[in-house]
Amino acid sequence: MARPGGGWRDLKEEVLRLYSPLDVAQHYGLELRRMGRVWATRCPFHPDTRPSFFVYPDGFHCFGCGWHGNVVDFVAAAERADWREALHLLAGGHLGAPKAARPPAPEERAPTAEELAAVQVAWEACRRHLYDRRPREYLARRGIPLDVAEGLGLGYWAPGVATRLEALGLVEAALSVGLLRRRRSPTGEELPRYWEPFRGRVIIPDLTRDGQAQWLTGRAADDATEPKYLNISLPKPLLGLDTVEGEEVALVEGPLDWVAARAMGLPAVATLGAHVGRLKLTLLARFRHIYLLLDADEAGQQAARDLAKALGRRAVIVPLPKGVKDVADLLLVQGGKGRLLRAIEAAREKGGG
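Residues numbered from 1 in each chain as written. Predicted model: local features only at pLDDT ≥ 70, side-chain atom pairs only at ≥ 80, totals over all residues. Heavy atoms only, no water.

1. Quick look at the overall build of the chain
Argument step 1. Check the secondary structure of the chain and you find 13 helices and 15 strands.
Argument step 2. For the chain, with 353 residues in total, the buried portion stands at 52%.
Argument step 3. Counting contacts in the chain only where the partners sit at least 6 residues apart, residues at least 24 apart contribute 59% of the total.
Argument step 4. When the accessible surface of the chain is totalled, it reaches about 16900 Å², and 51% of it is carbon and sulfur. (Helix = DSSP H or I, 4+ residues; strand = E, 2+ residues; numbered from the N terminus. Buried < 20%, exposed > 50% of the residue type's maximum accessible area, 1.4 Å probe, protein only. Contact = heavy atoms within 4.5 Å. Areas by Shrake-Rupley, 256 points an atom, 1.4 Å probe, with all protein chains shown as cover.)

2. Structural notes on the packing of aromatic side chains
Argument step 1. Under the definition given, this model contains 13 aromatic pairs.
Argument step 2. Taking the centre distance of 6.1 Å and the plane angle of 75° together, the rings of phenylalanine 45 and phenylalanine 53 count as edge-to-face.
Argument step 3. A relative accessible area of 25% means that phenylalanine 45 is categorised as partly exposed.
Argument step 4. Feature note: the residues Tyr28, Phe45, Phe53, Phe60, Trp67 and Phe74 constitute an aromatic cluster, connected by ring pairs.
Argument step 5. The aromatic ring of tyrosine 229 is capped on one face by arginine 219, whose charged end is 5.5 Å from the ring centroid. (Phe/Tyr/Trp six-rings, centres within 6.5 Å; stacked < 30°, edge-to-face > 60°. Lys NZ or Arg CZ within 6 Å of the ring centre and 35° of its normal.)

3. Side note on the state of the cysteines
Argument step 1. Following the criterion strictly, the structure yields zero disulfides and no others.
Argument step 2. As a non-bridged cysteine, cysteine 43 has cysteine 62 as the owner of its nearest cysteine sulfur, 3.6 Å distant.
Argument step 3. Among the residues examined, cysteine 43 registers a relative accessible area of 4% and is labelled buried.
Argument step 4. Cysteine 62 sits in the buried class, given a relative accessible area of 1%. (Disulfide = S-S within 2.5 Å.)

4. Examining the sheet that holds strand β6 (residues 155–156)
Argument step 1. A sheet is described by the order of its strands in space; here four strands give the open sequence β6-β9-β10-β11, paired in antiparallel fashion. At either end of the open sheet lies a strand with only one pairing partner, and these are β6 and β11 (229–231).
Argument step 2. Taken together, the seven bridges between strand β9 (residues 201–207) and strand β10 (residues 213–220) define a ladder with antiparallel strand orientation. Among the inter-strand pairings, isoleucine 203 is bridged to a residue of β10, identified as glycine 218.
Argument step 3. Sheet contacts for helix α5 (residues 113–127): β6, β9 and β10; angle to β10, the most-contacted strand, approximately 50°. (Pairing = 2+ DSSP bridges. Axes fitted to C-alpha atoms, helices over the stretch in contact; angles between N-to-C directions.)

5. Focus on the pairing of strand β3 (residues 53–56)
Note on strand geometry: in a regular strand, side chains alternate between the two faces of the sheet.
Argument step 1. Across three bridges, strand β2 (residues 38–41) lies against β3 in antiparallel orientation. The partner of tryptophan 39 across the bridge, within β3, is valine 55.
Argument step 2. Pairing between β3 and strand β4 (residues 59–62): four bridges, direction antiparallel. The partner of phenylalanine 53 across the bridge, within β4, is cysteine 62.

6. Section: the pattern of salt bridges
Argument step 1. Counted by the stated rule, this structure contains twelve salt bridges.
Argument step 2. Among the ionic pairs, arginine 134 bridges to aspartate 222, the shortest N-O distance being 2.6 Å. Linking arginine 134 in helix α6 (residues 133–141) with aspartate 222 in the loop between β10 and β11, this pair joins segments that are 88 residues apart in sequence.
Argument step 3. For glutamate 172, the salt bridge goes to arginine 182, with nearest N and O atoms at 2.9 Å. In this pair, glutamate 172 is assigned in helix α9 (residues 171–177) and arginine 182 in strand β7 (residues 181–184), connecting sequence segments ten residues apart.
Argument step 4. Residue arginine 182 is classed as partly exposed on the basis of its relative accessible area, which comes to 28%.
Argument step 5. Residues participating in the shared-partner salt-bridge network are Arg33, Glu253, Asp295 and Asp297. (Salt bridge = Lys/Arg side-chain N within 4 Å of Asp/Glu carboxyl O.)

7. Details of helix α12 (residues 298–311)
Argument step 1. For α12, spanning 14 residues, the distance from its first C-alpha to its last is 20 Å, which sits close to the expected 20 Å at 1.5 Å a residue.
Argument step 2. Residues of α12 that are buried: Gly300, Gln301, Ala303, Ala304, Leu307, Ala308 and Leu311. Down the axis of α12, the smallest arc covering the buried residues is 155°, so these residues share one side. Turned more than 90 degrees off the buried face of α12, the exposed positions are Glu298, Lys309 and Ala310.
Argument step 3. Its side-chain oxygen 2.7 Å from the backbone nitrogen of glycine 300, aspartate 297 forms the N-cap of α12. (Expected span 1.5 Å × (residues − 1). Arc of directions from axis to C-beta. Polar contact = N/O pair within 3.5 Å; in protein donor to acceptor, adjacent residues only side chain to side chain.)

8. Quick notes on the nonpolar core
In summary, soluble globular proteins display a tendency toward joint burial of nonpolar side chains.
Argument step 1. By size, the foremost hydrophobic cluster in this structure holds 68 residues, and its most contacted members are Leu154, Trp157, Leu179, Trp258 and Leu293.
Argument step 2. When neighbours within four sequence positions are excluded, leucine 179 is seen to be in contact with Ala118, Val119, Ala122, Trp157, Ala174, Glu196, Pro197, Phe198, Leu216 and Ile232.
Argument step 3. Counting 27 residues, the second largest nonpolar core, distinct from the first, contains Leu18, Leu32, Ala78 and Ala86. (Core = buried A, V, L, I, M, F, W, Y, C linked by side-chain atoms within 4.5 Å.)

9. Notes on the confidence of the model for the chain
Low-confidence regions, as indicated by low pLDDT, have predicted coordinates that should not be scrutinised in detail.
Argument step 1. Here the chain averages 86 in pLDDT, and 89% of its residues register 70 or above.
Argument step 2. Confidence, read as mean pLDDT per element, is least for strand β8 (residues 190–195) in the chain (68) and greatest for β6 (98).
Argument step 3. Note on residues 1–6: pLDDT is under 50 here. Beyond four places in sequence and across chains, it has 13 contacts.
Argument step 4. Low pLDDT, under 50, characterises residues 99–108; the predicted model gives this stretch 15 contacts beyond four residues in sequence or across chains. (pLDDT = per-residue confidence, 0-100.)

10. Some words on the packing of helix α3 (residues 71–79) against helix α4 (residues 83–91)
Argument step 1. Contact pair α3 / α4: the axes reach a minimum separation of 8 Å and the direction vectors enclose 105°. Regarding the angle of α3 to α4, the classification is roughly perpendicular. Contacts from Val71, Val72, Val75, Ala76 and Glu79 of α3 reach α4 at Trp83, Ala86, Leu87, Leu89 and Leu90.
Argument step 2. When grouped by side-chain class, the residues that make up the contact of α3 with α4 number nine nonpolar, no polar and one charged. (Parallel < 35°, antiparallel > 145°, perpendicular 65-115°, else oblique. Nonpolar A, V, L, I, M, F, W, Y, C, P; charged D, E, K, R; others polar.)

Next comes the structure, spelled out in structure tokens:
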């Protein structure tokens, strides 16, 4: 997208026309929940304990900290850039192709062989740093055993991943999926070095049955970094689906909920957000019993009711133990595993399963 002759105002109008707030929110990995005609999520710009950040057709507003703005303002805040830099990022394809050029069914967009190779190389590099001090401390705070984290393929993005991708000729593929981003000058000119947006994050992969990484998300290793999660620019999977066997599955919401559920021995899959499209629902057809372990707040329970309706009698809503807001919390509660298993059994008996 070239800068039009009319200057900054015309460029901004073009960007606002092509990119919706929902596009931006999804690109930055916000876990969105539909609330009528708008979407709600936890605010990425302040420590938010409940969904107080709302995505409207023409902008954003947080009822917690008061932040509000349009897509340019959001990208500026997320990238810690001024509005001109944010405008150039958007105009230069920072979010991928604008909606006018997107295929009608983005969920079906398949990655190229080069993109998958870049994801694999980055993941392998990150796995080597799982036992570094910072990821070890973070996992310990969340009650996640290191052997469980290693078994699930977790890693940590330390310096040097960009060098490895460059050495293997995978820079363009890495840029395509958001593993790397181009640095730009204040005037929008590309600079020779690359920015590693996942640096300093705990990496959680989605693995195929034969152990290849096909998708990644990065969780901030502290409570100050925003956004909490950063995803690569490929369609979100049902996290962990390929590695679940049998006829039963526990459906949880977030990546850490998934790690926690697996740590407690459950055959878990994460929806990566409350909204689950029809294409993803068809992927659950092989399971006879589906236990819905979504967040305990009203938005999460509404999403569970919607999923139960869509999945039919195979699905059972499992209320989380009292005082627990999500599955990840159970790793920090004494006897959390036992409490969860009892809740699943009680829900199964009540549902006649």
